[in-house]
Amino acid sequence: MRIARIVSCGFGPTVVMLSLGALAAGAETGVKPEDLFEKPVALAGPDGTPMVTGKAQGCPFAADYDGDGTIDLVLGAKDGMDTATGGIWLIPNLGTNQKPAFSFDKAFRVAEAAGPTGVNCGCKSSGHMLVQCVDWNNDGFLDIVLSDTYQRTSILLNDGTSRGNPTFAMQKFFDMEKKNHAMYAGGGDWDGDGVTDFLHMPFAGANFKLVKGIREGDAVKFQEDGLQGCTVLDFQGQKPRKCAWAWNFSGTAKARGVTEFVGVAVGGDGQEEIAFFEVKDGQSRQVATLAKPEGSTPLLTASDLNGDGKMDILYSCGVFKNEHDKTRVWVMYGKVANAPVAAAD
């Protein structure tokens, strides 16, 4: 099997060889994406009413932030479409992992010791707050990695003073290499070592820059030299424009010598869609459209929302195109056991 080349973009070795896998043009994929995920379901409250936030362009991630064994939601979002600022909201699960229930009325904004955290994303129309969670410092408390898509990626370290109402200290992870729009982020296991990585996607997915995940005990952090030590994923072909998340979704990707990932792509009708990709021999191809979002500006992550050991796809978008300040969240439950064992992943 040929392996895709990964080129260093910083001060480390000039070339690193990693097995990416992929789908050669015209080849059969060997999997049917509809066998990997359930159809999208809107997250709803205890009474079954779909949860709608009052925040714009939200990005959801599933994590048990309070350590009670029930998986909650972390939402990065803008305060509104008429502002370039935003933050992160923690939304407790009012149900169970098997039957999660969420109400934005119970959400609260992530705070630092001095007060609620605010982030300037630099743009009213294009800015986003893209989040994922890891246990950065191996203290048993979940921390948050935030990319504002415009200027900076930051780490919010949980100070460990409260499980249910945590406060954080924000520090710079890395600055963007160019102050511009569309610095989208993704994640997942891009190098096949079973550890979650951070994916920086400058210029609307024109290239992918990998910040490698490092496991320390049960904790996971990303290499701390950020963009200086990242690697460029050197493959060609069809790519999503934002939020690319890799995982062995089928459970057979390694055996087939491919890398599977999901992302937000632009369909033939010009509308954004949730798509499934495979990469082989340096060529990427969109295998299938998984969902056509009901609203606008979808953002996605991959995590295990219901704790069944199967990676799910979480995505959000504006409820209607003319109501960007209202975000609804959907889940596509995974059908294949493939989630990492460590909660910090």
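Residues numbered from 1 in each chain as written. Predicted model: local features only at pLDDT ≥ 70, side-chain atom pairs only at ≥ 80, totals over all residues. Heavy atoms only, no water.

## Focus: the pattern of salt bridges
- The final tally for this structure, using the stated rule, is 13 salt bridges.
- Across the pair D193 and K212 runs a salt bridge, and its minimum N-O distance is 2.7 Å. Residue D193 is located in the loop between β16 (184–188) and β17 (197–201), and its partner K212 is located in the loop between β18 (208–211) and β19 (213–216); the two are separated by 19 residues in the primary sequence.
- One salt bridge in this structure joins E272 and K242, with 3.3 Å as the shortest N-O distance. Here E272, found in strand β25 (residues 272–280), pairs with K242, found in strand β23 (residues 242–246); they are 30 residues apart in sequence, far enough to count as distant.
- Judged by relative accessible area, K242 falls into the buried class, the value being 1%. (Salt bridge = Lys/Arg side-chain N within 4 Å of Asp/Glu carboxyl O. Helix = DSSP H or I, 4+ residues; strand = E, 2+ residues; numbered from the N terminus. Buried < 20%, exposed > 50% of the residue type's maximum accessible area, 1.4 Å probe, protein only.)

## As for the nonpolar core
- If you look at the biggest cluster of nonpolar residues, it comprises 75 residues, and the most contacted ones within it are I144, W190, F208, F249 and L300.
- With five residues, β25 is the largest single contributor of residues to this core.
- Among the nonpolar cores identified, the runner-up in size contains 17 residues, and L43, L73, W89 and Y333 belong to it. (Core = buried A, V, L, I, M, F, W, Y, C linked by side-chain atoms within 4.5 Å.)

## Topic: the side chain of D135
- By the secondary structure assignment, D135 is in the loop between β12 (130–134) and β13 (143–147).
- One buried charged side chain, D135, makes no salt bridge at all; its nearest oppositely charged neighbour is R163, positioned 7.7 Å away.
- Within the structure, D135 has its side chain in polar contact with the backbone nitrogen of N138 (distance 3.1 Å).
- Polar side-chain contacts of D135 include one of 2.9 Å to the backbone nitrogen of G140. (Lys, Arg positive; Asp, Glu negative; His and termini not counted. Polar contact = N/O pair within 3.5 Å; in protein donor to acceptor, adjacent residues only side chain to side chain.)

## Observations regarding the confidence of the model for the chain
- Summing up the model confidence of the chain, the mean pLDDT is 85 and the portion of residues at 70 or higher is 86%.
- Contacts from residues 1–27, a stretch scored under 50 in pLDDT, to residues over four places away or in other chains number 74 contacts. (pLDDT = per-residue confidence, 0-100. Contact = heavy atoms within 4.5 Å.)

## What to know about the packing of aromatic side chains
- A complete count under the given rule lists 18 aromatic pairs for this structure.
- Ring centres of F61 and W245 lie 6.0 Å apart, and the angle between their planes is 40°; on these two criteria the pair is classed as tilted. Of the two residues, F61 sits in strand β5 (residues 56–63) while W245 sits in strand β23, which places them 184 residues apart along the sequence. No difference in accessibility class separates F61 from W245, as the two residues are buried.
- Measuring from ring centre to ring centre gives 5.6 Å for F208 and F235, while their planes differ by 85°; the resulting arrangement is edge-to-face. (Phe/Tyr/Trp six-rings, centres within 6.5 Å; stacked < 30°, edge-to-face > 60°.)

## Quick look at empty space enclosed by the protein
- Applying the stated rule across the entire model yields two cavities of 30 Å³ or more.
- Of the pockets and cavities examined, the largest cavity occupies roughly 50 Å³.
- The wall of the largest cavity is formed by C59, L130, V131, Q132, V145, A185, G186, F198, W245, L300 and T301.
- Elements represented by at least two residues in the lining of the largest cavity include exactly β12, β16 and β27 (296–303).
- Tallying contributions element by element places β12 first for the lining of the largest cavity, with three residues.
- Considered class by class, the residues forming the lining of the largest cavity number eight nonpolar, three polar and no charged.
- What the second largest cavity holds in volume is close to 30 Å³.
- If you go around the second largest cavity, the residues you meet are Y65, V74, L90, C133, L142, D143, I144 and F168.
- Looking at the lining of the second largest cavity, its residues break down into seven nonpolar, no polar and one charged. (1 Å grid on protein atoms, 1.4 Å probe; cavity = no way out; pocket = protein on both sides within 12 Å on 5 of 7 lines; lining within 4 Å. Points joined across faces, edges and corners; volume = space filled by probe spheres on them. Nonpolar A, V, L, I, M, F, W, Y, C, P; charged D, E, K, R; others polar.)

## Focus: the pairing of strand β6 (residues 72–78)
- Burial analysis of β6 places seven of its seven residues in the buried class, the great majority of the element.
- Alternating positions in β6 separate into two faces, D72, V74, G76 and K78 on one and L73, L75 and A77 on the other, with burial throughout.
- In terms of strand pairing, β5 meets β6 through six bridges, oriented antiparallel. Bridging from a neighbouring strand, F61 pairs with V74 of β6.
- Here six bridges tie β6 to strand β7 (residues 85–91), and the two strands are oriented antiparallel to one another. From the neighbouring strand, L75 faces β7, where its bridge partner is W89.
- Where β6 folds back on β7, the antiparallel hairpin that results is connected by six residues. (Pairing = 2+ DSSP bridges.)

## Quick notes on the sheet that holds β12
- Read across the sheet, six strands follow the order β10-β9-β15-β14-β13-β12 without closing on themselves; strand pairing throughout is mixed. Two strands lie at the open edges of the sheet, namely β10 (115–116) and β12, each paired on one side alone.
- Pairing analysis gives two bridges linking strand β9 (residues 111–112) to strand β15 (residues 167–175), with the strands arranged parallel. By the bridge assignment, E112 is partnered in β15 with F168.

## Regarding the pairing of strand β24 (residues 259–266)
- The element β24 is extensively covered by neighbouring structure, given that seven of its eight residues are classed as buried.
- Bridge analysis of β23 against β24 gives three bridges, and the strand direction is antiparallel. Opposite W245, over in β24, you have V262 as the bridge partner.
- Bridge count between β24 and β25: eight bridges; the pairing is antiparallel. Looking at β25, one finds that E260 is bridged to E278.
- Connecting β24 to the antiparallel partner β25 that follows it, the hairpin turn spans five residues, and G270 within it adopts a positive phi of roughly 85°.

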